[in-house]
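Architecture and fold: a report
Below, each chain spelled out in residue letters.
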Amino acid sequence: MLLQENEYFDLYVVDEVNVFLRLKKGGFPIKSFDRIIQQHPRIKIQSFPILKKALTEVGKEHVIGTYIPLMEIEVQSDRMKAQLYLNVTMEEFESRRQELLRQVEEKITDLGIRYGRVSLDSIPFIPGAPIDIAIGKEPVQGADAEITYMDRPERKPVIREDGSADYYEMNFVTHINQGDWLGEKILPREGTPGMDILGNEIPAPRGSDARFEYDSKSIFEVEEGNKIVLRASHSGALEFHHGVISVGAQLVVNGDVGPETGSITFDGAVRILGTVLAGYSVNATGDISIEGKEGVTNSKEICSSDGDLYIKGGVFGGGMSVIEAKGDIFLKHANNCKIFASNVHVGLYMLGCEVVAERVHVDTNRGKIIGGHIEAMYTIECAYAGNQHERTTHLHAKGVDKDLIYKEIQHLAQELKEIQATTRKLEEHTGKFEATAGQLAGQQAEALQKMQQSVETGHEKMLELDKEIQLGMRKIRNAIPPKIEVSKEAYPGVVIQIGHKSTTLTKTAKGVFEVFDNVLNV
């Protein structure tokens, strides 16, 4: 079949496959051959060098390409899309539109494409551009599991209209009754199936599951409808430790801690509706809430080893009371006592106190720090520091000694490595006796039991060391420059110390005190 004939060459197709060029005369510009291709879209040139050679060798014929079909349909390997290529000119398409579209429809049907077919009547035609003729439906993954826990009341004072903090009322300890709802998980849902263009259903993945984080000793799961619900195994206090919800033991003292109760030591949370009388102590592993309005006077010690501490009425320490918590301490006021905590929050004043914490916040609208020694790792905030009588008041924001923490981490890492090695050897040794452990007796059985206990102790110690290392790393990562902020007035006699830089005020000042370029800005 002759495609093109001119004074330079004959262009023809043999067997509807190969395109031949027979050169009759040289001098035809190769760039002009693009027009030939545009006039005959079914010609696919094999390579530029072959075409160039064919246009230079007079009297010879060359296969310069192939004659591709009038229409081509490509189906993606995943059978989610089919595309049509119509190898015709715009003029030919317009003149044969209905005939060509009928042929396309027939070919689509022959290929078994029956889902997602696109109406061809409205498709714009652009020569050489693919046309989407069928599009499958992607499967939709089901909704993931949704977990909800009981809200932990935010432990912060109510802020009054004037901006001051109300430390009189705080919902500090959340009491839980046996069987109370503590959380729930809506199970992952099934997805919506898809369909490929051949009509085959594509299964949809189910939503991802999620894992509950709770203490199985105090909380249990129960299926209720399409949910899994968490409920309390016993009464107690709501607790969250490292994101894990639990119900801790709770001791409620309806009156005062004093002669009738004696000093209290309790593994769990303690809620005291009265106060702690002079000379008595409260030690607990969980949160401690002392809710008597009169506050605590001359108590010996109030300590939460793992939780927070709230004293509604404040503390009159008489120079003997020690108030301590691993977490936060919330007080109305503090008078002549020692305070140790992660963060200390005080509503009215601190008078003659010795404080060591990461952050110390005394109400910045009216709160006062008068006398004593306040040491914080990061920040100290108050409205007034010292008084008009120039009472010595030491405010020290020490900052993080990263070098010292690095040394401690290295020491802990070395200790962890040694314990890991020792524990591994013990595990290998005890493993040899596991199969015959039931046959051992006497000293052999005792020796095996001791080794197993040593392995267990080793694992506990490794976990403890790893936590300490991670805590040290967090301190380094989260370290911020230390600062002291006195929003209203700092009086003469106040010692401002940032890290190793310090000065004693000789006149009133206020603002944020920091170290810039190794200079304390006082």
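Time to look at the pairing of strand β5 (residues 61-67). On a regular strand, each side chain points to the face opposite its neighbour's, so the side chains alternate between the two faces of the sheet. Relative to β5, strand β3 (residues 18-23) runs antiparallel, the two sharing five bridges. By the bridge assignment, N18 is partnered in β5 with T66. Strand direction decides the pairing type here: strand β4 (residues 43-45) and β5, joined by three bridges, are antiparallel. Within β5, the residue paired with I43 across the bridge is Y67.

One can describe the packing of helix α5 (residues 402-431) onto helix α6 (residues 442-477) by two numbers: an axis separation of 9 Å at closest approach and a directional angle of 160 degrees. Taken together, the axis directions place α5 and α6 in an arrangement best described as roughly antiparallel. Seen from above, α5 lies across α6 with left-handed handedness. Classifying every residue of the contact of α5 with α6 by side-chain character gives 16 nonpolar, nine polar and six charged.

Quick look at the pattern of salt bridges now. A complete count under the given rule lists 21 salt bridges for this structure. Where K25 meets E7, a salt bridge forms, and the shortest distance between an N and an O atom there is 3.1 Å. With K25 in the loop between β3 and α1 (33-39) and E7 in the loop between β1 (2-5) and β2 (9-14), this pair connects stretches of sequence that are 18 residues apart. Put simply, E291 and R271 hold a salt bridge, and the shortest N to O gap is 2.8 Å. Residue E291 is found in the loop between β24 (288-290) and β25 (296-297), and its partner R271 is found in strand β22 (residues 269-272); the two are separated by 20 residues along the sequence. Overall, the relative accessible area of 27% leaves R271 in the partly exposed class. Here the salt bridges do not stand alone but share partners, grouping D10, R22, K24 and E61 into one network.

Ordered in space as β1-β2-β3-β5-β4, the five strands form an open sheet in which the pairing is antiparallel. Whereas interior strands pair on both sides, the edge strands pair on one side only; in this sheet they are β1 and β4. Taken over all neighbouring pairs, the strand axes of this sheet differ in orientation by 30 degrees on average, direction set aside.

Reading the values: the criteria
Residues numbered from 1 in each chain as written. Predicted model: local features only at pLDDT ≥ 70, side-chain atom pairs only at ≥ 80, totals over all residues. Heavy atoms only, no water. Pairing = 2+ DSSP bridges. Helix = DSSP H or I, 4+ residues; strand = E, 2+ residues; numbered from the N terminus. Axes fitted to C-alpha atoms, helices over the stretch in contact; angles between N-to-C directions. Parallel < 35°, antiparallel > 145°, perpendicular 65-115°, else oblique. Left-handed = near helix turned anticlockwise from the far one by under 90°. Nonpolar A, V, L, I, M, F, W, Y, C, P; charged D, E, K, R; others polar. Salt bridge = Lys/Arg side-chain N within 4 Å of Asp/Glu carboxyl O. Buried < 20%, exposed > 50% of the residue type's maximum accessible area, 1.4 Å probe, protein only.

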